[in-house]
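Topology and contacts: notes
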Amino acid sequence: MEQAITKSLTMANGVKIPQLGLGVFLVKEEEELKTAVKTAIYDGYRHLDTAMIYNNEEFVGTAIKETEIPREELFITSKVWNYDHGYEEAKAAFAASLERLGTDYLDLYLIHWPSPNYIETWHALEDLYEAGKIKAIGVSNFQIHHLEDLLAHAKIKPMINQIETHPEFPQNELHEFMKKEGILHEAWGPLGQGKHDLLSNPILVELAEKYNKTPAQIVLRWHVEREIIVIPKSVTPHRIKENSLIFDFSLTEEDMGKIATLNTGTRYATSPDNEEFLTKTSIRPE
Ligand SMILES: NC(=O)c1ccc[n+]([C@@H]2O[C@H](COP(=O)([O-])OP(=O)(O)OC[C@H]3O[C@@H](n4cnc5c(N)ncnc54)[C@H](OP(=O)(O)O)[C@@H]3O)[C@@H](O)[C@H]2O)c1
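This report concerns the structure included in the present document. (Residues numbered from 1 in each chain as written. Predicted model: local features only at pLDDT ≥ 70, side-chain atom pairs only at ≥ 80, totals over all residues.)

What the protein contains, in helices and strands, is twelve helices and ten strands. For the protein, the C-alpha radius of gyration of 18 Å lies close to 19 Å, the compact-globule estimate for 286 residues. For the protein, the spread of C-alpha atoms along the three principal axes comes to 55 × 40 × 40 Å. Put simply, the protein has 286 residues, and 44% of those count as buried. Within the protein, contacts between residues separated by at least 24 positions form 76% of all contacts whose residues are at least 6 apart in sequence. (Helix = DSSP H or I, 4+ residues; strand = E, 2+ residues; numbered from the N terminus. Rg over C-alpha atoms; globule rule 2.2 N^0.38 Å. Buried ≥ 20, exposed ≤ 12 C-beta atoms within 10 Å, placed from the backbone. Contact = placed C-beta atoms within 7 Å.)

In structure tokens, the structure reads:
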């Protein structure tokens, strides 16, 4: 099983990213976070997704050290927050993330949101990438118009765009645009963030019974079939394990079609075009 869990996709620069990772958004309590990270690693996960704004990079770093897994076997992502945008600011934010994580490089560093000044921030990421400090660079919450703008100014294309994606919001148009541009699709909120009773949808429950899996596993497999990277968050050991058991079956085209009918175009979280959110979160707190 461990082999399957570490199934990877290859980014445009040839670097591999495990298709399954553990998300740690909103996990702020040290012991809970360390238990989740260690459980995941012992279950075979090798990919962890954090961010400066999650306020838990330090705990992620400590948990990793305690597992004694060699650093090069892990794939670690962090993100530069909205009030750290700008060339020098982003470089400083990156250095601080490295320090908190207790590592001297990142596998993936993302611009968390397309808030003002993301072009300058991108130039900092490009330089850090070229200096060998980051194995791959990308963005998050970028719409097509943000990507078009970034591509017009970038020396290096983003390798990943991490975006809200789940059956109610499959991001079909953006997915096709990214595919054409060679940018991998990474889903945040892959299980719908535990909101809107997604996992009790009758279609998912019926498919779960058919495949002898859980609705969460059906949804994660649906992402995997679409060549999407998934980073489900859980602090519940049996769910961390459950979420990893998605590489031993596949969904038929017909069943993929059934899940496609769940598309209502409903975002569960903030839109990347919410200017008020972007501006407000770009102001560094006193
Ligand atoms: N780039 C961005 O702007 C952005 C935004 C949001 C999230 N993210 C990243 O994406 C990761 C995942 O997204 P998310 O945390 O928002 O949402 P998610 O992974 O879709 O959902 C997490 C919720 O689902 C529950 N859950 C997990 N596995 C389950 C299972 N097998 N059955 C039933 N419920 C299950 C979790 O509960 P328990 O923990 O209680 O088990 C939690 O309440 C984050 O942790 C973060 O790393 C990025």
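What follows continues from the structure just given.
In the region of the ligand, 27 residues are neighbours, and Gly23, Phe25, Gly194, Ala216 and Lys233 sit closest. Here the element with the most residues in the shell around the ligand is helix H10 (residues 237-244); it accounts for three residues. Per-class residue counts for the shell around the ligand are ten nonpolar, 13 polar and four charged. (Near = placed C-beta within 6 Å. Nonpolar A, V, L, I, M, F, W, Y, C, P; charged D, E, K, R; others polar.)

Next up on the list: the environment of Gly189. Here Gly189 shows up in the loop between strand S9 (184-188) and helix H8 (202-211). With 44 residues separating them along the chain, Gly189 and Lys233 place their C-alpha atoms 8.1 Å apart.

This part takes up the sheet that holds strand S5 (residues 75-80). Read across the sheet, eight strands follow the order S3-S4-S5-S6-S7-S8-S9-S10 without closing on themselves; strand pairing throughout is parallel. Taken across any chain shown, the strands that pair with only one partner, and hence form the sheet edges, are strand S3 (22-23) and strand S10 (229-230). (Pairing = 2+ DSSP bridges.)

Let us now look at the pairing of strand S7 (residues 134-140). In terms of burial, S7 is largely enclosed, as six of its seven residues are buried. Sheet analysis places strand S6 (residues 106-111) next to S7, joined by five bridges and oriented parallel. Bridging from a neighbouring strand, Leu110 pairs with Gly138 of S7. Crossover connection from S6 via helix H5 (residues 118-130) to parallel S7: handedness right-handed. When S7 meets strand S8 (residues 160-164), the two strands line up parallel, connected through two bridges. Within S8, the position partnered with Val139 by the bridge is Asn161. (Right-handed = clockwise from strand over helix to strand, strands pointing away.)

In this section: the packing of helix H4 (residues 87-101) against H5. Put simply, H4 and H5 touch, their axes get as near as 7 Å, and they point 50° apart. By the angle between their directions, the pair H4 and H5 is classed as oblique. When the axes of H4 and H5 are compared, the crossing they make is right-handed. Each of Tyr87, Ala90, Lys91 and Phe94 in H4 lies in contact with H5, whose residues at this interface are Glu120, Thr121, His123, Ala124, Leu125 and Leu128. Among the residues forming the contact of H4 with H5, the class breakdown is six nonpolar, two polar and two charged. (Axes fitted to C-alpha atoms, helices over the stretch in contact; angles between N-to-C directions. Parallel < 35°, antiparallel > 145°, perpendicular 65-115°, else oblique. Left-handed = near helix turned anticlockwise from the far one by under 90°.)

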